[in-house]
Amino acid sequence: MWEEMSGALPADTGNFNLLEPSVDHTGQRGSRLGSSAHAIQETVKEKEVRYEEARKVRKSLLTPKHEYMFKLLADRLSLDVAAVENFILDAPSLAPFDDFFAQGGSKTISFVYQESEIPGIECGRTFPGAAEGDKIMRLFLADLSKICLKGLCLFFVRTSVDSPYEIYEEINFFMIDATHGLLQEIQNLSKVMPTVCATEGAVNPSKHVEKNMQNVKDTWSRYIRFLDEIQVSIEDTVKFAQATGIDFSRLISFDDVKAAAADIDMVHKLEAVLLIWYKQIEQVLLESEQMRKEVDASGPLTELEHWKKKSVKFNSIIEHIKGPKCKAVVNVLNINRSKTLKMWRELDARITDCANEAKDNVKFLYTLEKVCQPLYSCDPVTMAKSIQNVISAIRMIHSVSRCYNTSERMISLFIKVTNQMVTACKAYITDNGTSGIWDQDTHDIIKKLQACIYLFHEYQSCFHKTKKQNLERPDGKPFEVSEMHIFGKFEAFCKRLNKITQMITAMKTFSALGKSTIEGIDTIAAKFQNIYITMKKKQYDILAHRNADFEVDFAEFMSQISNLENQLQIFMNSRFSKILSSQHAFVQLQRKIQTS
């Protein structure tokens with residue numbers, strides 16, 4: 001072997017030593033190692049030159065299409081366009097752009113802006129003052145399947161890939177901010193999905209587009225629910241304290257366990273560990289038994305989410321108890337006949353019961369998920385057609401569920417259904433908070449208010465129908481629930497809607513005064529306008545049925561309108577004969593307006 005290696009060396013090596021100085025052909029002393037390093041340095045310089053040339057070539061390939069995208073990126077990131085261009089030119093190739101621009105090419109192109117390591121010399125530029133391993137905020141082309149997104153993801157989407165396109169008109173630009181977690185950002189994006197679908201429906205109004213948009217919303221909803229379940233699994237898993245100072249690899253065989261049980265110090269350590277775990281589990285149980293704090297508007301699906309979270313927690317505890325480490329601890333203490341095992345077994349039984357209850361409740365509440373979707377996605381008119389399905393599903397849970405059939409839980413569930421209906425009605429009336437009641441067409445707003453009131457009556461009707469059917473069944477279990485608790489909120493809300501309807505009707509009636517040409521009537525018209533503007537300026541939420549300020553303002557408004565009607569009656573009597581009522585007066589006014 002040595003002969004083969006020596007054959008590969010120069011013939012005359014003499015006393016060659018890499019660490020000893022040598023004499024070069026000029027007679028000056030040097031180092032063969034130094035010469036080699038010098039040669040390597042020259043190679044690096046050559047590479048730098050080559051990379052810089054390659055960067056210049058990439059820059060020469062940039063087109064107005066690239067520059068347009070750079071400008072959009074720069075605007076969104078608050079960077080200079082030149083900085084964005086430099087970041088993009090750090091990539092070894094512009095091929096992803098070519099693919100995105102090409103007919104039949106990629107439909108998307110993605111960029112990430114987050115802290116990452118400074119690129120090497122292959123990018124074609126240097127970063128003065130930067131040390132190896134330093135990180136900076138960088139923008140770079142990204143394959144999202146191969147990167148951990150912790151910053152901003154910016155991406156362009158083509159509307160079509162089948163034909164040449166105009167980039168300025170046929171691409172969409174989006175950004176996802178994952179700085180606070182990707183799941184959170186996707187959930188935020190889900191809030192704008194209905195608006196996106198509505199916009200598309202308005203631009204392309206057709207049954208086909210409407211069906212496609214509904215499919216998009218349904219698919220997105222399923223995806224969001226899937227992400228929610230992942231987040232619940234991550235956040236609600238109980239993290240048990242690590243058992244330090246114990247080698248569990250030596251507690252596997254029966255002999256190992258037996259030997260550990262005879263070691264008093266080891267037994268004390270294991271008892272201490274078990275006690276820590278006991279306290280953690282006890283804390284979870286105490287928290288689960290505490291009264292829940294819920295927002296006033298929580299809907300029925302929050303009940304499912306609550307029990308899913310509980311199930312995840314309890315199941316994670318069960319998995320820990322059945323895990324090898326916990327089993328090893330229990331086995332050792334069992335052989336030692338430790339007194340701590342008695343309370344541990346009692347806790348084990350309690351947590352098992354809680355886990356079974358949560359699992360059973362989740363199973364039955366899942367039946368609500370589909371039937372309750374219209375409460376979250378439909379207007380009151382469409383929702384009214386689905387109420388019977390919701391109540392029938394609740395009746396089934398009440399009849400079959402082993403754990404979730406108490407009156408308290410049934411009332412709580414019905415109240416959440418009521419909450420969601422009221423929330424949906426408010427969104428429907430105000431166009432998701434974008435339109436005030438006084439700013440909408442009087443005919444349209446009254447129609448909306450009546451649709452919400454109809455929904456309430458349909459809700460009551462379906463409930464009473466189901467309650468009656470349940471009593472007529474041989475095995476039927478009666479609904480022992482308080483209707484006042486179930487319907488009270490919605491009933492109070494509808495009373496508010498009726499009062500608002502009275503006000504709008506009065507305003508619609510008196511608005512005719514402003515169009516009349518009868519001499520002297522402008523004084524009454526001005527008084528009405530004053531009343532209307534005063535009411536319109538109120539800052540509170542007029543749909544908040546518990547707001548007592550409205551009741552005072554409503555009584556004052558109706559009193560003022562009544563006085564105005566009397567003034568109008570007197571005025572019309574002085575102008576016309578045989579005017580029998582204020583309503584008759586308005587008819588005369590309208591005729592006067594039509595003939596003017």
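Residues numbered from 1 in each chain as written. Predicted model: local features only at pLDDT ≥ 70, side-chain atom pairs only at ≥ 80, totals over all residues. Heavy atoms only, no water.

A. The nonpolar core, seen in detail. In terms of nonpolar packing, the biggest core is built from 110 residues, with W344, Y459 and F490 touching the most fellow members. For this core, the element with the highest residue contribution is helix α19 (residues 483-510), accounting for twelve residues. Discounting chain neighbours no more than four positions away, the residues touching Y459 are I387, I391, F414, V417, T418, M421, I486, F487 and F490. Formed by 24 residues, the second largest nonpolar core is a distinct cluster that contains L62, L73, F100 and L139. (Core = buried A, V, L, I, M, F, W, Y, C linked by side-chain atoms within 4.5 Å. Buried < 20%, exposed > 50% of the residue type's maximum accessible area, 1.4 Å probe, protein only. Helix = DSSP H or I, 4+ residues; strand = E, 2+ residues; numbered from the N terminus. Contact = heavy atoms within 4.5 Å.)

B. Fine view of the packing of aromatic side chains. Tallied over the entire structure, the rule returns 17 aromatic pairs. Taking 6.4 Å as the distance between ring centres and 80° as the angle between the ring planes, the aromatic pair formed by F456 and F487 counts as edge-to-face. On the criterion of sequence distance, the pair formed by F456 in helix α18 (residues 442-472) and F487 in helix α19 is long-range, its members being 31 residues apart. Taking the relative accessible area as the measure of exposure, F456 reaches 5% and is therefore buried. Where F550 meets F554, the ring centres are 5.9 Å apart and the plane angle is 25°; that geometry is what we call stacked. Highlighted residues: F550 and F554, both in helix α21 (residues 548-575), separated by four residues, approximately one helical turn. The two residues F550 and F554 agree in class, both being buried. (Phe/Tyr/Trp six-rings, centres within 6.5 Å; stacked < 30°, edge-to-face > 60°.)

C. Representation of the pattern of salt bridges in the model. In the structure shown here, the tally under the stated rule is 20 salt bridges. The shortest N-O distance in the salt bridge between E282 and R350 comes to 3.3 Å. Here E282, found in helix α10 (residues 264-289), pairs with R350, found in helix α13 (residues 340-371); they are 68 residues apart in sequence, far enough to count as distant. In this structure R350 comes out as partly exposed when scored by relative accessible area, which is 33%. Close ionic contact of K499 with E551 constitutes a salt bridge, the shortest N to O distance being 2.5 Å. In this pair, K499 sits in helix α19 while E551 sits in helix α21, placing the two residues 52 residues apart along the sequence. Under the relative-accessibility criterion, K499 is labelled partly exposed at 24%. Among the charged side chains, a network of salt bridges with common partners joins R55, D90 and R125. (Salt bridge = Lys/Arg side-chain N within 4 Å of Asp/Glu carboxyl O.)

D. View of the confidence of the model for the protein chain. With 84% of its residues at a pLDDT of 70 or more, the protein chain shows a mean pLDDT of 83. Mean pLDDT across the elements of the protein chain ranges from a minimum in helix α1 (residues 2-7), with 37, to a maximum in helix α4 (residues 81-89), with 95. Between residues 1-39, whose pLDDT stays under 50, and residues either more than four places distant or in other chains, the model counts eleven contacts. (pLDDT = per-residue confidence, 0-100.)

E. Highlighting the side chain of E85. In this structure, E85 sits in helix α4. On the accessibility criterion, E85 (15% relative accessible area) is buried. Only 2.4 Å separates the side chain of E85 from the side chain of K59, close enough to count as a polar contact. Those residues in contact with E85 that sit more than four places away from it in its chain are K59, L62 and F70. (Polar contact = N/O pair within 3.5 Å; in protein donor to acceptor, adjacent residues only side chain to side chain.)

F. Highlighting the sheet that holds strand β3 (residues 108-117). Taken together, four strands build an open sheet; the order of strands is β4-β3-β5-β6 and the sheet is antiparallel. Where the open sheet ends on each side, the last strands, each with one partner, are β4 (135-141) and β6 (171-177). Taken over all neighbouring pairs, the strand axes of this sheet differ in orientation by 15° on average, direction set aside. Note: β3 against β4, seven bridges, orientation antiparallel. Bridge assignment links E117 to a residue of β4, and that residue is K135. Lying on the sheet, helix α3 (residues 64-77) is in contact with β3, β4, β5 (152-158) and β6; it crosses β5 at an angle near 145°. Most of the contacts of α4 go to β4, to which it runs at about 75°, and overall it touches β3 and β4. (Pairing = 2+ DSSP bridges. Axes fitted to C-alpha atoms, helices over the stretch in contact; angles between N-to-C directions.)

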